[in-house]
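# What the coordinates show
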Amino acid sequence: MRIIEYRDGPFVNREGDERFLLERFKGRPEKILFIYGPKSSGKTTLVEYVVENCLQNDRGVYVNYINFRGHAIVNYKDFIDIYFQPISEGQKSWLTRLKERLSLNLGLFRGSASLPIKGVSFGLNIELYNQLRRNEVDPFVVLLEILRNIKEKRQPILILDEVQALQSIYMNGEVRERHLLTEFFNFLVRLTKETHIAHIVVMTSETLFLEKIYNYAKLAETSDFYKIGHLSLDEVREWLSHEGIEDEAVIDLIWEYVGGSAHRINDAVRVVKKGDDIQKYLINEAKIYRGKLSQFISKEFDTVEEMDKFGEILADIVKKGFLIRDLKDKLETKVLTKAIDYEFLFLDPKDEKIAFNSRIIKKGAEMLAGQVG
Ligand SMILES: Nc1ncnc2c1ncn2[C@@H]1O[C@H](COP(=O)(O)OP(=O)(O)OP(=O)(O)O)[C@@H](O)[C@H]1O
Ligand SMILES: [Mg+2]
């Protein structure tokens, strides 16, 4: 197993996932790839690692990676500004010096674009940029044309993290309001299944959003779903041993309380290295979740039936490790939806299993059950 330094910290394993991605990018783009998994399982880190270490220096590919969580997207113009920036006449001297200058043919409009110098936004001549902002030109027609140009020399790879941030944005067209995300996904299907121009990777940490996509027939057919779960016991053992933690009792305790959650293991390692009492620390972390769960119950549930149902669900998941939901049970569905929305629970849309987002939440639930029972 591999443990390397990445961003001044350990990056544990993920070799198989890395190989999977690189293999996929070598083939012809056929489907959108959705990467999903429980909260903080390491989805973003894995993809950023692959981009920085394997793709960025590869002249055969062009990578455009956007984390929508890092942008305040309130309206359609904000979205346009993520992908496009204007290049004015005054800047043309350096623009012409750009190696990757693309000439666009968009039917009525001809224009020029350049590859991002830094960041991800394509430079467009100012008329085209203004037309986009005024909603006179379809941004996806422009993007398709840019990527088609790039494809002649390099394989485009578009990576979109936290794409659910676009959920409430509309493109205010003249004829009717168009939902941005629907148009965006249509465009991604066009880039993969229909034209095979670009590889597309979409990541999201919102389970309910992912479920909507998974059940939307058109996208389900044109997408693959790849899970990044928490680390396994063997991986955690090796990581801890790499950090000089060999005491079996300490290893057991860490696994018992935080399982394979990478960022929680990082914290636990810090506590051990500082010489603090790890057991006290872990119990305290679980207590925090007991408090969060108890607050959630009193804030979100109005009836005794709802509270009892939630208690039943927690007990079930604690006992079996997961729950298969019964969509016909309206009360269960309502309660589960809230708990998933609050990120206590994670729903895997592929096998319909519902589990805790992390082990520390399970420990908090156990404490709560012990207190109540
Ligand atoms: N393989 C790994 N080895 C060690 N640490 C890791 C690994 N993967 C992720 N981490 C650490 O775990 C934390 C969470 O990772 P990351 O943000 O990538 O998760 P995520 O799945 O994208 O989360 P979210 O569900 O919020 O989108 C980060 O602090 C990261 O440094
Ligand atoms: Mg992430």
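In the block above lies the structure referred to throughout.
An account of the accompanying structure is given in this report.

What counts and how
Residues numbered from 1 in each chain as written. Chains lettered and ligands numbered in written order. Predicted model: local features only at pLDDT ≥ 70, side-chain atom pairs only at ≥ 80, totals over all residues. Pairing = 2+ DSSP bridges. Helix = DSSP H or I, 4+ residues; strand = E, 2+ residues; numbered from the N terminus. Core = buried A, V, L, I, M, F, W, Y, C linked by C-beta atoms within 7 Å. Buried ≥ 20, exposed ≤ 12 C-beta atoms within 10 Å, placed from the backbone. Contact = placed C-beta atoms within 7 Å. Expected span 1.5 Å × (residues − 1). Arc of directions from axis to C-beta. Axes fitted to C-alpha atoms, helices over the stretch in contact; angles between N-to-C directions. Near = placed C-beta within 6 Å. Parallel < 35°, antiparallel > 145°, perpendicular 65-115°, else oblique. Nonpolar A, V, L, I, M, F, W, Y, C, P; charged D, E, K, R; others polar.

## Re the sheet that holds strand β14 (residues 323–324)
- Spatially, β14-β16-β15 is the arrangement adopted by the three strands of the open sheet, whose pairing is antiparallel. Where the open sheet ends on each side, the last strands, each with one partner, are β14 and β15 (345–348).
- Judged from the two bridges that link them, β14 and strand β16 (residues 353–356) form a sheet pairing that is antiparallel. In the sheet register, Leu323 faces β16, and the bridge partner there is Ile354.

## Some points on the nonpolar core
- Core analysis: the biggest nonpolar cluster contains 51 residues, and Phe34, Ile146, Ile157, Ile200, Val201 and Val202 have the highest contact counts within it.
- When sequence neighbours within four positions are dropped, the list of residues in contact with Val202 reads Ile32, Phe34, Leu160 and Val163.

## Some remarks on helix α7 (residues 180–194)
- Taking 1.5 Å per residue, 15 residues should reach 21 Å; α7 reaches 20 Å between its end C-alpha atoms and fits that length.
- Within the span of α7, buried status applies to Phe184, Phe185, Leu188, Leu191 and Thr192. The arc that holds every buried residue of α7, seen down its axis, measures 120 degrees, which confines them to one face.
- Tucked inside the fold, the buried residues of α7 contact β3 (32–36), α6 (139–151), β12 (199–203) and α9 (217–221).
- Of the residues trailing α7, His196 is marked for its positive phi of about 55 degrees.

## A closer look at the sheet that holds strand β4 (residues 61–67)
- Spatially, the five strands line up as an open sheet ordered β4-β9-β12-β3-β13, and their pairing is parallel. With partners counted over all chains shown, the strands left at the sheet margins are β4 and β13 (223–227), one partner each. The average angle at which neighbouring strand axes cross in this sheet is 20 degrees, direction not considered.

## As for the environment of Tyr281
- Within the secondary structure layout, Tyr281 lies in helix α13 (residues 278–300).
- Its 19 C-beta neighbours within 10 Å are what place Tyr281 among the partly exposed residues.
- Considered as a pair, Tyr281 and Asp267 are 14 residues apart in the sequence and their alpha carbons are 9.9 Å apart.
- In contact with Tyr281, other than residues within four places in its own chain, are Val271 and Asp276.

## Regarding the site of ligand 1
- Near ligand 1 you find 16 residues, and of these Gly42, Thr44, Thr45, Ser205 and Ala262 are the closest.
- Taken together, the elements giving at least two residues each to the shell around ligand 1 come down to β2 (9–12), α2 (43–55) and α12 (262–274).
- Per-element tally for the shell around ligand 1: the top contributor is β2, with four residues.

## Notes on the packing of helix α14 (residues 304–320) against helix α15 (residues 330–341)
- Put simply, α14 and α15 touch, their axes get as near as 9 Å, and they point 70 degrees apart. Compared by their axis directions, α14 and α15 come out roughly perpendicular. Taken together, the residues of α15 that come into contact with α14 (itself represented by Glu305, Glu306, Lys309, Phe310 and Ile313) are Leu331, Glu332, Val335, Leu336 and Ala339.
- Counted by class, the contact of α14 with α15 contains six nonpolar, no polar and four charged residues.

## Some words on the pairing of β15
- Burial along β15 is two-sided: Leu345 and Leu347 facing one way and Phe346 and Asp348 facing the other are all buried.
- Sheet analysis places β15 next to β16, joined by four bridges and oriented antiparallel. By the bridge assignment, Leu347 is partnered in β16 with Ile354.
- Counting the residues in the hairpin turn of β15 and β16 gives four residues, including Glu352, whose phi is positive at 65 degrees.

## Describing the environment of Tyr49
- Structurally, Tyr49 is set in helix α2.
- Assessed through the 19 C-beta atoms surrounding it within 10 Å, Tyr49 is described here as partly exposed.
- In sequence terms Tyr49 and Glu18 are 31 residues apart; their C-alpha atoms lie 8.8 Å from each other.
- Ignoring sequence-local partners within four residues, the contact set of Tyr49 consists of Tyr6 and Phe11.

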